[in-house]
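Residues per chain, in single letters:
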Amino acid sequence: MRKTNIQPWTKDWEVAYDQEKKLLKEILIDNLVDIYHIGSTSVPAIGYAKPIIDILIVVKEIEKVDRYNEALRKVGYDPKGENGIAGRRYFPKGKQARTHHVHIFQVGNDNIQAHLDFKMYLMAHPEDAKAYGVLKLKLAGQFPEDHHMYQEGKQEFLSELVEKAKSWGANR
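Residues numbered from 1 in each chain as written. Predicted model: local features only at pLDDT ≥ 70, side-chain atom pairs only at ≥ 80, totals over all residues. Heavy atoms only, no water.

Trainee: Where do I start with the pairing of strand E4 (residues 53-59) in this structure?
Mentor: Along any regular strand the residues' side chains alternate between the sheet's two faces. For E4, the buried fraction is high: 7 of the 7 residues fall into the buried class. Of the two faces of E4, the one holding Ile53, Ile55, Ile57 and Val59 and the one holding Asp54, Leu56 and Val58 are both buried throughout. In terms of strand pairing, strand E2 (residues 32-38) meets E4 through 6 bridges, oriented antiparallel. Across the sheet, residue Asp34 finds its bridge partner in E4, namely Val58. Looking at chain direction, E4 and strand E6 (residues 100-106) are connected through 7 bridges and run parallel. Within the sheet, the bridge partner assigned to Val59 lies in E6 and is Gln106. (Buried < 20%, exposed > 50% of the residue type's maximum accessible area, 1.4 Å probe, protein only. Helix = DSSP H or I, 4+ residues; strand = E, 2+ residues; numbered from the N terminus. Pairing = 2+ DSSP bridges.)

The following block contains the structure:
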């Protein structure tokens, strides 16, 4: 079972993202539209996060992503296909000690804007971001050996944030 590892926010996560962005751009160059740092490591105001860099990649054609599986394996990524989200390609890196999660969607997929709105909402609402970080820290303390319970514990708050971000994004 994966442990819940929450750490204080650090600029090192931005550096790690920038390094990985260059690597991923080289691999996906022919199909790449854009690439973004998302998730808690991309929002300093959250204050705490699992030290896993979430990367959102937008491509021209999602079906062509499977052609890059071997190149991505060579740099440590594990192709997981859609992994429960239709229209996505998901690639974790680092096995049990994960360092990165790559989420790839085709241009026009609604999940792209949802992820970007969530990040932008938290950047624009640091009080909500901080409350999310405090919750993460509290739950990690309660469930250090049970990642499932940690995830379950933050789900209601996270769902509320997602709805706020969706509404905020639609009104911008």
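Trainee: For this particular structure, what's the right way to read the packing of helix H4 (residues 126-142) against helix H5 (residues 147-170)?
Mentor: Geometry of a packed helix pair, given as the angle between the helix axes and the separation of the axes. Between H4 and H5, the least distance of the axes is 9 Å, while the angle of their chain directions is 170°. As far as their axial angle goes, H5 and H4 are roughly antiparallel. Contact with H4, carried on its side by Asp128, Ala131, Tyr132, Leu135, Lys136, Leu139 and Ala140, involves Tyr150, Gly153, Lys154, Phe157, Leu158, Leu161 and Lys164 of H5 and no other residues of that element. Residues belonging to the contact of H4 with H5 are distributed by class as follows: 9 nonpolar, 1 polar and 4 charged. (Axes fitted to C-alpha atoms, helices over the stretch in contact; angles between N-to-C directions. Parallel < 35°, antiparallel > 145°, perpendicular 65-115°, else oblique. Contact = heavy atoms within 4.5 Å. Nonpolar A, V, L, I, M, F, W, Y, C, P; charged D, E, K, R; others polar.)

Trainee: Before we go on, may I ask you to explain the sheet that holds E6 in this structure?
Mentor: In a beta sheet, neighbouring strands are held together by backbone hydrogen bonds and run either parallel or antiparallel to one another. The 4 strands are arranged E2-E4-E6-E5 in an open sheet whose pairing can be described as mixed. Only two strands of the sheet have a single partner each, and these edge strands are E2 and strand E5 (88-93). Sheet twist, expressed as the mean angle between neighbouring strand axes with direction ignored, is 20°. Bridging between E5 and E6 involves 6 bridges; their strand directions are antiparallel. For Pro92, the partnering residue across the bridge sits in E6 and is His101. Helix H1 (residues 12-28) rests against E2, E4, E5 and E6 of the sheet, and its axis sits at about 160° to E2.

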